[in-house]
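As a plain string of letters, each chain reads:
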Amino acid sequence: YRFRGVSQTHEKAALQGGVDYSNPNGFYAGAWLSTITWVKDFTGKGSTEVDLYGGYKNAFAGGDWNYDVGA
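Residue numbers here run from 1 along each chain, matching the order of that chain's written sequence. Predicted model: local features are reported for residues with pLDDT of at least 70 only, side-chain atom pairs are reported and counted for 80 or more only, and whole-chain, interface and lining totals are derived from all residues. With hydrogens and water excluded, all non-hydrogen atoms of the structure serve as input to the side-chain values.

Colleague: Explain the pairing of strand β6 (residues 66–70) to me, please; I cannot follow it from the model alone.
Modeller: Note on strand geometry: in a regular strand, side chains alternate between the two faces of the sheet. Under the scheme applied here, a residue whose accessible area is under 20% of the maximum for its type counts as buried, over 50% as exposed, and between as partly exposed, the area being computed with a 1.4 Å probe on protein chains only. In this text, helices come from DSSP runs of H or I with a minimum length of four residues, and strands from runs of E with a minimum of two, each type numbered from the N-terminal end. Counting buried residues along β6, only zero of its five residues qualify, which leaves the element largely exposed. Should DSSP find at least two bridges between two strands, the strands are regarded as paired. As paired elements, strand β5 (residues 48–59) and β6 share five bridges and run antiparallel to each other. Within the sheet, the bridge partner assigned to Ala59 lies in β6 and is Asn66.

Colleague: Before we go on, may I ask you to explain the sheet that holds strand β4 (residues 27–35) in this structure?
Modeller: Backbone hydrogen bonds are what pair the strands of a sheet, in a parallel or an antiparallel way. One open sheet accounts for four strands, arranged β3-β4-β5-β6; its pairing is antiparallel. The two strands at the open ends of the sheet, each matched to only one other strand, are β3 (16–22) and β6. With direction set aside, neighbouring strand axes in the sheet form an average angle of 20 degrees. Two elements, β4 and β5, share nine bridges in a ladder whose sense is antiparallel. In the strand pairing of β5, Trp32 is matched with Asp51. Lines are fitted to the C-alpha atoms to define the axes, a helix being fitted only along its stretch in contact, and any angle between axes, read from their N-to-C directions, falls within 0 to 180 degrees.

Colleague: What's the story with the environment of Val69 in this structure? I'm lost.
Modeller: Tracing the backbone through its elements, the reader meets Val69 in strand β6. Residues within four places of Val69 in sequence aside, it is in contact with Tyr28, Gly54, Gly55 and Tyr56. Pairs of residues are marked as contacts when any of their non-hydrogen atoms sit within 4.5 Å.

Here you go:
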């Protein structure tokens, strides 16, 4: 697993997975996880990266244009 050219796992494989939820009203949320080792080496703790995200997507009147706001 590499981020910006730097190995996050000392050149070894990483276990990764994610889950997403989408509601018909436009709201969505999800999580992505990966095993890492560099944080453990740097701070003495931590072996998993967890990325959480969510937002809202919908279409403007007429449906030709849409928008997505998320974090």
